[in-house]
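Structure at a glance
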Amino acid sequence: QVQLVESGGGLVQAGGSLRLSCAASGSILSINAMGWYRQAPGKQRELVATITSGDSTNYADSVKGRFTISRDNAKNTVYLQMNSLKPEDTAVYYCNADLYTPDYYRSSRYWGQGTQVTVSS
């Protein structure tokens, strides 16, 4: 059983910062890419940022220069540092990991339960 648990969400004023964390636990052999997605009310879930096992990163245009994704492979944890937050960043943020478990030969994608980020104007 694999679990992804997010933390670090909350309420912040525009221009402020938050740091999200997501720890993967359970029967994990290795983790490929990890990432963050978000879903605002009435909108589809969208990519925020991803990071590969080799630390290559990819960002949505809307967050480039403001958000930074990083990972600690020893802790199976991915982080999202969010600076210069805007009201339009308000959403539920979900962690995602593509990983291998002992019971299956192919990797599978797992999701966290989500953490709310609210940016007030």
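This text follows the structure it describes.
Starting from 1, residues in each chain are numbered consecutively following that chain's sequence as written. Under the rules for a predicted model, residues below a pLDDT of 70 receive no local features and side-chain atom pairs below 80 are neither given nor counted, while totals for whole chains, interfaces and linings still include all residues. Processing note: side-chain calculations cover all non-hydrogen atoms of the structure and skip hydrogens and water entirely.

1. Side note on the sheet that holds strand β3 (residues 18-26)
Taken in spatial order, the four strands line up as β1-β3-β8-β7 in an open sheet, and their pairing is antiparallel. Each edge of the open sheet is held by one strand with a lone partner, namely β1 (2-7) and β7 (67-72). The mean angle between the axes of side-by-side strands here comes to 15°, regardless of whether they run parallel or antiparallel. For two strands to count as paired, DSSP must find a minimum of two bridges between them. Secondary structure is summarised from DSSP: a helix means a run of H or I of at least four residues, a strand means a run of E of at least two, and numbering begins at the N terminus for each. As paired elements, β3 and strand β8 (residues 77-82) share six bridges and run antiparallel to each other. Looking across to β8, one finds that L20 is bridged to L80. Lines fitted to the C-alpha atoms define the axes, with helices restricted to the stretch that makes contact. Angles between their N-to-C directions range from 0 to 180 degrees.

2. Notes on unusual backbone geometry
Comment: phi is negative for the bulk of residues other than glycine, and the bulk of peptide bonds are trans. We note that N76 has phi near 50°; this positive angle belongs to a residue other than glycine. The residue N76 is located in the loop between β7 and β8 in this model. For the exposure calls, accessible area comes from a 1.4 Å probe over protein chains only, and a residue counts as buried if that area is under 20% of its type's maximum, exposed if over 50%, partly exposed in between. The exposure class of N76 is partly exposed, given its relative accessible area of 24%. Even without a glycine there, the phi angle at S84 is positive, about 50°. With respect to the secondary-structure elements, S84 resides in the loop between β8 and β9 (91-100).

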